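Letter by letter, the chains look like this.
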Amino acid sequence: MGKRILVVDDAPIIRLMIKDIIEYHGHEVVGEACNGLEGVQMFKELKPDLVTLDIIMPEKDGIEALADILKLDPDAKVVMVTAIDQRESLMKAIRLGAADYIVKPFENERVISAVEKALGLATEEQ
Amino acid sequence: MGADKKKIDKAIELIAKLSIDKSSVAFSKIVKQGARIVMENAYMANISEATAKAYSQDSEVVGAFIDLEGDAPFKFLFYVQDTDSLVLTDLILRKEVGTTKEFDLYTQSAVQEVGNILASAISNVFSADFQIALKPTPPVVLHDFAGTVFEEYLVDIAIERNEVLIIESQFNIVQSNIKCSMFLLPYPGSEKVLNYISKAL
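I will try to describe carefully the structure that is included in this document. This structure is a prediction, so every number in the text was calculated from the model and none was measured. (Residues numbered from 1 in each chain as written. Chains lettered and ligands numbered in written order. Predicted model: local features only at pLDDT ≥ 70, side-chain atom pairs only at ≥ 80, totals over all residues. Heavy atoms only, no water.)

A few words on the overall build of chain B. Check the secondary structure of chain B and you find 6 helices and 7 strands. Ordering the α and β elements of chain B from the N terminus gives α-β-α-β-β-α-α-β-β-α-β-β-α. Across the 201 residues that make up chain B, the buried fraction comes to 53%. A fraction of 74% describes how many contacts in chain B between residues 6 or more apart in sequence connect residues 24 or more apart. Here chain B has roughly 9,300 Å² of accessible surface; of this, 52% comes from carbon and sulfur atoms. (Helix = DSSP H or I, 4+ residues; strand = E, 2+ residues; numbered from the N terminus. Buried < 20%, exposed > 50% of the residue type's maximum accessible area, 1.4 Å probe, protein only. Contact = heavy atoms within 4.5 Å. Areas by Shrake-Rupley, 256 points an atom, 1.4 Å probe, with all protein chains shown as cover.)

Written out as structure tokens, the structure reads:
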């Protein structure tokens, strides 16, 4: 059964790409937010099964939003989305409790693999 | 003094080359297989030459500005002709070229995202090769004439100086005949770090 996913990214084209990949694999994108502030608010309202969260965003960045989301729900499943090699930010996100990360530019397979692994749906080969 | 300047120019050139290599890899990945990037040029120019060159193009472009904040602050600009931003959008969305016909939220976002990924690739050159942490800010996108976009890019620095070094590179996506421009402008605060890098050369 498909899971409910919230996509948070300031770039509409990235939100569209992630949405297409997720929906193609049978999950539902229940909301899209364009910054961290809106993302945390939508997380509170929608209670999704998983959040994909960009790191560099205006208003509130992905690291701050991740901390807020995990404060609201310590078991929240969050997959970080980052532009190439922002290692320091990624390490910080993983230490905070992010489930996995996707590096942009990404392949479809990597997105669905990270999402389904975080949701506990992934098969071994993924 | 002259010798120092020479060394700093050399340091900037090295950073430019490493950045272009890294950016090229990231860029070909964004636009998917089959796209081949040919770097046409990478050179140093002064502020007036660069602005005059931008004003000589009467076409409209879409540009993404990003500040690379940290120990060696830089200002980054990536731009393409607005008609090429439509092709870029199709390539990123894996659509047949020609599908996107109008400039909209997604075409703007395509340029924003390419800028973001390229700037991040450059910031990685600093952290991986020189242990200098740089953090890109969220991109700001501007759709206007090339000269206006370029002037906006230089406005902060032009207030303080008449001349500044600019690293410019141009590359083509051969299959789709898209010409892209990328600029990297060292902020005044970055000189100390460039000096440090130059000493290591």
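The rest of the description comes next.
Quick look at the overall build of chain A now. Looking only at helices and strands, chain A features 5 helices and 5 strands. Listing each helix as α and each strand as β along chain A from the N terminus yields β-α-β-α-β-α-β-α-β-α. In terms of overall size, chain A behaves like a compact globule, its C-alpha atoms giving a radius of gyration of 13 Å where 126 residues would be expected to give roughly 14 Å. Each principal axis of the C-alpha distribution contributes one length, and for chain A these read about 35 × 30 × 30 Å. Relative to all contacts within chain A whose residues are 6 or more apart in sequence, the contacts with residues 24 or more apart total 59%. Accessible area of chain A: about 5,800 Å², with a carbon and sulfur share of 49%. (Rg over C-alpha atoms; globule rule 2.2 N^0.38 Å.)

Per the stated rule, a full pass over the model turns up 3 cavities of 30 Å³ or more. One number sums up the size of the largest cavity: a volume of about 90 Å³. Forming the walls of the largest cavity are 11 residues, and the residues nearest its centre are Ile14, Met17 and Pro105 of chain A together with Ile30 and Ile117 of chain B. Here the element with the most residues in the lining of the largest cavity is helix H4 (residues 105–130) of chain B; it accounts for 3 residues. Residue composition of the lining of the largest cavity, by class: 8 nonpolar, no polar and 3 charged. (1 Å grid on protein atoms, 1.4 Å probe; cavity = no way out; pocket = protein on both sides within 12 Å on 5 of 7 lines; lining within 4 Å. Points joined across faces, edges and corners; volume = space filled by probe spheres on them. Nonpolar A, V, L, I, M, F, W, Y, C, P; charged D, E, K, R; others polar.)

Moving on: the interface of chain B and chain A. Contacts between the two partners involve 25 residues from chain B and, on the opposite side, 22 residues from chain A. For the interface between chain B and chain A, the tally reads 3 salt bridges. A salt bridge links Asp61 of chain A to Lys135 of chain B, with the shortest nitrogen-to-oxygen separation between them at 3.5 Å. In this structure, the connection of chain B to chain A is made through 3 residue pairs in polar contact (both at pLDDT 80 or more). Split by residue class, the side of chain B that touches chain A holds 13 nonpolar, 7 polar and 5 charged. (Salt bridge = Lys/Arg side-chain N within 4 Å of Asp/Glu carboxyl O. Polar contact = N/O pair within 3.5 Å; in protein donor to acceptor, adjacent residues only side chain to side chain.)

Moving on, we get to the packing of helix H3 (residues 82–92) of chain B against H4 of chain B. Residues and elements named next belong to chain B. The interhelical angle for the contact between H3 and H4, taken along N-to-C directions, is 75 degrees, at an axis separation of 9 Å. Of the possible angle classes, the one that applies to H3 and H4 is roughly perpendicular. Here Ser85, Leu86, Leu88, Thr89 and Ile92 of H3 come into contact with H4, specifically with Tyr106, Thr107, Ala110, Val111 and Val114. Residues of the contact of H3 with H4, tallied by class, amount to 7 nonpolar, 3 polar and no charged. (Axes fitted to C-alpha atoms, helices over the stretch in contact; angles between N-to-C directions. Parallel < 35°, antiparallel > 145°, perpendicular 65-115°, else oblique.)

Once that is clear, we can look at the pattern of salt bridges. Side chains that carry opposite charge are capable of pairing whenever their charged atoms lie near each other. Taken as a whole, this structure holds 10 salt bridges over all chains when the rule is applied. Between Lys104 of chain A and Asp9 of chain A there is a salt bridge, with its nearest N and O atoms 3.9 Å apart. Separated by 95 residues along the polypeptide, Lys104 of chain A in strand S5 (residues 100–104) and Asp9 of chain A in the loop between strand S1 (4–8) and helix H1 (12–24) bring together distant segments of the chain. Exposure class is identical for Lys104 of chain A and Asp9 of chain A. Each is buried. Residues Glu113 of chain B and Lys104 of chain A are paired through a salt bridge, measuring 2.6 Å at the closest nitrogen-oxygen approach. Linking Glu113 of chain B in helix H4 with Lys104 of chain A in strand S5, this pair reaches from one chain into another.

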